[in-house]
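Chain residues, written in single-letter form:
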Amino acid sequence: MRTDQNLTRLDRVFARLDREPERPAHIDVPKMSRHRVALLLATLAFYLAIVWLVVITSWLVRLDWQVMFFRPYQQWPEIHAFLDYYVVLGQRGPTAVMVAAWLGWRSWRQHTLRPLLTLGASLLLLNITVGAAKLGMGRLGPHYAITIGSNEMGLGGDIFPSGHTANAVVTWGILAYLASTPRARRWLSAVSAVVSLGVGLTTVYLGTHWLSDVVLGWAAGLLILLALPWCEPLIARAEVSIFALRDRLRERRSRTVAAPSPAPAPAPSPSVPVAMPVPLAQLHAGQDEAVAAHEPASPARAPRAPAYLAPGPHTTRSERTPVTPVGSRRPPHSDRLPRGAAASGARPLTGG
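Residues numbered from 1 in each chain as written. Predicted model: local features only at pLDDT ≥ 70, side-chain atom pairs only at ≥ 80, totals over all residues. Heavy atoms only, no water.

**Student:** Got a sec to walk through the overall build of the protein? Specific residues and values, please.
**Tutor:** When helices and strands are tallied, the protein shows 13 helices and zero strands. In the protein, which comprises 352 residues, the share counted as buried stands at 30%. Pairs at least 24 residues apart make up 73% of the contacts formed inside the protein by residues separated by at least 6 positions. Surface summary for the protein: the accessible area is close to 24500 Å², and the carbon and sulfur share equals 64%. (Helix = DSSP H or I, 4+ residues; strand = E, 2+ residues; numbered from the N terminus. Buried < 20%, exposed > 50% of the residue type's maximum accessible area, 1.4 Å probe, protein only. Contact = heavy atoms within 4.5 Å. Areas by Shrake-Rupley, 256 points an atom, 1.4 Å probe, with all protein chains shown as cover.)

Have a look at this one:
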């Protein structure tokens, strides 16, 4: 039996996670303080300044061309293979999957959707703001530059600002934003800053972005992280709505399972009564009262009128003489003898 002294490091990690409360009593949600607003306005001013310096083809554009002609990938070719893999930390698909897996586990452990909803809101803001800036300025990248010394704007490109850099700032910085303690927030902020800085410089090394693209990408990602507290009320309302929808679906499913199955409807009784068989001797004897006793009475139908019987003694069917109905076209057969009588006076049959 394993004791606490024999636990491995991985066992201790999972034991600590098992002691984590299912739903924290107090979640530290960043507020839009005055310092945060001031930092947001300063970053926005820096963002607009970079755009203006590129639009007017200033010294920043000349620096972009000097770095491009320096060709860092030729100066240090030994790190090219490593940086080809490192730049994946700025691609939106792989990074979003990795961060969403961790935040999804946190959401499941803490019974709250805030981590996943915050990640979704940040990626939505990233796609809208950075995508609109790329399409609006239309700058071409270093590999597609046409005129040396030009800012290459308005030519249908989508390189300014750097999407890799902005995505690295947002996806890794969201971990620091959602940290539950100040110490964890400081450490995660440092890690996300190093990762995003390395991703931006890697794109410059590979020649896929201008240096000004990377600087503007850092500013764009930081603007999204600083503006996230304004989205917190909307995130809270979305979480309440999702949980309310889940409770309604659970209640509807429980009512469906608990409802008894309807009993099968009884087969309808036949509307026409079936007469029971009557002995032939009673019919021949004329015992109509016994026949009426065997017939079941139907409360829904009117009583049947008694059958008309001709006066006189009733004979059996074999002794009756056939009578031609009035209005029939059949000729009367007055010479036909009753069935079973002597055939002495019958005419001989002649072959026709």
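**Student:** An account of the confidence of the model for the protein is needed here, citing residue identities and associated values.
**Tutor:** Per-chain confidence: the protein averages 78 in pLDDT, with 66% of residues scoring 70 or above. Taken together, the stretch residues 280-285 has pLDDT below 50 and engages in four contacts with residues farther than four places along the chain or on a different chain. Note that pLDDT drops below 50 for residues 348-352; the model gives that stretch zero contacts with residues more than four away or on any other chain. (pLDDT = per-residue confidence, 0-100.)

**Student:** Give a detailed account of a nonpolar patch on the surface, specifying residues and quantitative values.
**Tutor:** The grouping of L41, L44 and L48 at the surface amounts to a nonpolar patch, some 290 Å² of accessible area in total. Mapped onto the elements of the fold, L44 is located in helix α2 (residues 34-55). According to the relative accessible area criterion, L44 is partly exposed, its value standing at 38%. (Patch = residues over 30% accessible without salt bridge, like charges linked within 9 Å, V, L, I, M, F, W, Y side chains within 5 Å. Salt bridge = Lys/Arg side-chain N within 4 Å of Asp/Glu carboxyl O.)

**Student:** Any details on the packing of aromatic side chains? Residues and values, ideally.
**Tutor:** With the rule as written, the count across this model stands at five aromatic pairs. Each ring, one from W102 and one from W105, has its centre 5.8 Å from the other, and the planes form 20 degrees; the classification is stacked. Placement of both W102 and W105 in helix α6 (residues 92-110) is noted, with a separation of three residues, approximately one turn of the helix. These aromatic residues form a ring-pair network of at least three members: W65, F69 and W210. Stacked on the ring of F160, the Lys or Arg R139 has its end atom at 5.2 Å from the ring centre. (Phe/Tyr/Trp six-rings, centres within 6.5 Å; stacked < 30°, edge-to-face > 60°. Lys NZ or Arg CZ within 6 Å of the ring centre and 35° of its normal.)

**Student:** Give me the packing of α2 against helix α10 (residues 211-227): which residues, what numbers.
**Tutor:** It is at 9 Å that the axes of α2 and α10 come closest, and there the two elements cross at 155 degrees. The angle between α2 and α10 falls in the class roughly antiparallel. In this structure, the crossing between α2 and α10 has a hand that is left-handed. Contacts between α2 and α10 involve R36, L39, L40, T43, L44, F46, Y47, I50, V51 and V54 on the former and, on the latter, S212, V215, L216, A219, A220, L222, L223, L225 and L226. By residue class, the composition of the contact of α2 with α10 is 16 nonpolar, two polar and one charged. (Axes fitted to C-alpha atoms, helices over the stretch in contact; angles between N-to-C directions. Parallel < 35°, antiparallel > 145°, perpendicular 65-115°, else oblique. Left-handed = near helix turned anticlockwise from the far one by under 90°. Nonpolar A, V, L, I, M, F, W, Y, C, P; charged D, E, K, R; others polar.)

**Student:** Kindly report on the pattern of salt bridges, identifying the contributing residues and their values.
**Tutor:** What the rule picks out here adds up to five salt bridges. In this structure, D213 engages R139 in a salt bridge whose closest nitrogen and oxygen atoms are separated by 3.1 Å. Of the two residues, D213 is situated in helix α10 and R139 in the loop between α7 (114-137) and α8 (163-177); the sequence distance between them amounts to 74 residues. Under the relative-accessibility criterion, D213 is labelled buried at 0%. A salt bridge links E251 to R255; its shortest N-O distance comes to 3.2 Å. Of this pair, E251 and R255 both sit in helix α11 (residues 232-258), four residues apart, roughly one helical turn. For E251, a relative accessible area of 46% translates into the label partly exposed.

**Student:** Describe the nonpolar core, and please don't skip the residues or the numbers.
**Tutor:** Formed by 47 residues in total, the largest nonpolar core has its most connected members in Y47, F160 and I174. Those elements giving two or more residues to this core turn out to be α2, α3 (59-70), α5 (80-86), α6, α7, α8, α9 (182-206) and α10. Those residues in contact with I174 that sit more than four places away from it in its chain are V99, L103, T118, L119, S122, L225 and L228. (Core = buried A, V, L, I, M, F, W, Y, C linked by side-chain atoms within 4.5 Å.)

**Student:** Give a detailed account of the environment of A179, specifying residues and quantitative values.
**Tutor:** Within the fold, A179 resides in the loop between α8 and α9. Given a relative accessible area of 5%, A179 falls into the buried group. A179 sits 64 residues away from P115 along the chain, and the two C-alpha atoms are 9.9 Å apart. Leaving out residues up to four positions away in the same chain, A179 has contacts with A184, R185 and L188.

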